[in-house]
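Architecture at a glance
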Amino acid sequence: MAVTRANDWPLDDLDYLIILAIGDKGNKSTKIQKTILVLSKLLNIQTDTEAYYFGGYSETVAERLNSRSKTQFFVKIGDEYKLTEQGKELYYKLLEQLKAKKMEDIVKILDTLHKMSSKNLIALTYFLYPETIEKSIIKEDVNKVIESLKERGKKDFKVKREGNEVTIEIPDDVSDER
């Protein structure tokens, strides 16, 4: 992604991922962490995600979410992060940049990730990135979610990689509001 400055605050790729993960409607930190995990892999952006009690977790993402330096772009209201007007402007610019770079599929995946329940998003990240399960205290519950999706006649999440191309096929019934 192109380096952009807003109000003379230099932003990096992780800042962009955070803004994309918060989305125009806002999100809780778990969904932000899991969305960043998926997006960082798809966009080949390095993060410090590691196995944690609830799956993939990035201390750097947590620090940035709680940092005061980016409050022009997002704020925490209760247990949810919301984009400010300036944050929403940047969010829509980032979506346009992705589309301009022929990455419409990433925009579609992001939309799907935003619509997924936290439970199903966690299940997706466990399925796609089994290395994040290592320290999980909820892996049995997450495996039950994956099994219940299978039992309802849904196909497994399908991931196809060809060089730099990644295709993720997500079952239709995994999205529901938070």
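Below is a summary of the structure that appears in this document. Fair warning: this is a prediction, and the values are worked out from it, not measured in the lab. Note on numbering: residues in each chain are counted from 1, in written sequence order. Residues qualify for local features only when their pLDDT is at least 70, as the model is predicted, and side-chain atom pairs are given and counted only at 80 or more; totals for whole chains, interfaces and linings, by contrast, use all residues. Side-chain metrics in this entry use all non-hydrogen atoms of the structure; hydrogen atoms and water are not considered.

**Notes on the environment of Asp48**
Put simply, the rule is: Under the scheme used here, helices are H or I runs from DSSP no shorter than 4 residues and strands are E runs no shorter than 2 residues, and both carry numbers assigned from the N terminus. Note on exposure labels: buried denotes an accessible area under 20% of the residue type's maximum, exposed denotes more than 50%, and partly exposed covers the range between, all computed with a 1.4 Å probe on protein chains only. In what follows, a contact means two residues having at least one pair of non-hydrogen atoms within 4.5 Å. Identification of polar contacts relies on pairs of N or O atoms within 3.5 Å, with a donor-acceptor requirement for protein atoms, meaning one able to donate a hydrogen and the other able to accept it, and with residues adjacent in sequence counted only if both atoms are side-chain atoms.
Assignment of secondary structure puts Asp48 in the loop between α2 (29–43) and β4 (50–52). For Asp48, a relative accessible area of 30% puts it in the partly exposed group. Separated by ten residues in the primary sequence, Asp48 and Ser58 have C-alpha atoms spaced 5.4 Å apart. Those residues in contact with Asp48, other than ones at most four positions away along the chain, are Tyr57, Ser58, Glu59 and Thr60. In this structure the side chain of Asp48 is engaged in a polar contact, spanning 2.2 Å, whose partner is the side chain of Ser58. Looking at Asp48, its side chain comes within polar contact range of the side chain of Thr60, at 2.6 Å.

**Let's talk about the nonpolar core**
Inclusion rule: What is meant by a nonpolar core is a set of buried Ala, Val, Leu, Ile, Met, Phe, Trp, Tyr and Cys residues, joined one to another through side-chain atoms within 4.5 Å.
One finds Ile18, Leu20, Ile22, Ile32, Ile36, Leu65 and Phe74 to be the most contacted residues of the largest nonpolar core, which totals 38 residues. Going through the elements one at a time, α1 (13–22), α2, α3 (59–66), β7 (80–83), α4 (85–100), α5 (104–115) and α6 (118–128) are the ones with two or more residues in this core. Among the elements that make up this core, the one with the highest residue count is α1 (eight residues).

**Some words on the pairing of β7**
Test applied: For two strands to be treated as a pair, DSSP must find no fewer than two bridges joining them.
Note that strand β3 (residues 27–28) and β7 share two bridges and pair antiparallel. Directly across from Asn27, in β7, lies its bridge partner Tyr81. Strand direction decides the pairing type here: strand β6 (residues 74–77) and β7, joined by four bridges, are antiparallel. The partner of Phe74 across the bridge, within β7, is Leu83. Here β6 folds back onto β7 in antiparallel fashion, the turn holding two residues, of which Gly78 has a positive phi close to 65°.

**Structural notes on unusual backbone geometry**
The backbone of Asn44 shows a phi angle near 55°, a positive value even though the residue is not glycine. Locating Asn44 in the fold gives a position in the loop between α2 and β4. According to the relative accessible area criterion, Asn44 is exposed, its value standing at 71%. Residue Lys102 is not a glycine yet carries a positive backbone phi of 60°. Within the element layout of this structure, Lys102 appears in the loop between α4 and α5. Classification of Lys102 as exposed rests on a relative accessible area of 70%.

**Examining α6**
Buried residues dominate α6, accounting for eight of its eleven residues. Taken as a whole, α6 has its buried residues at Asn120, Leu121, Ile122, Ala123, Leu124, Thr125, Tyr126 and Leu128.

Remember, this is a structural readout, not a statement about activity or role.
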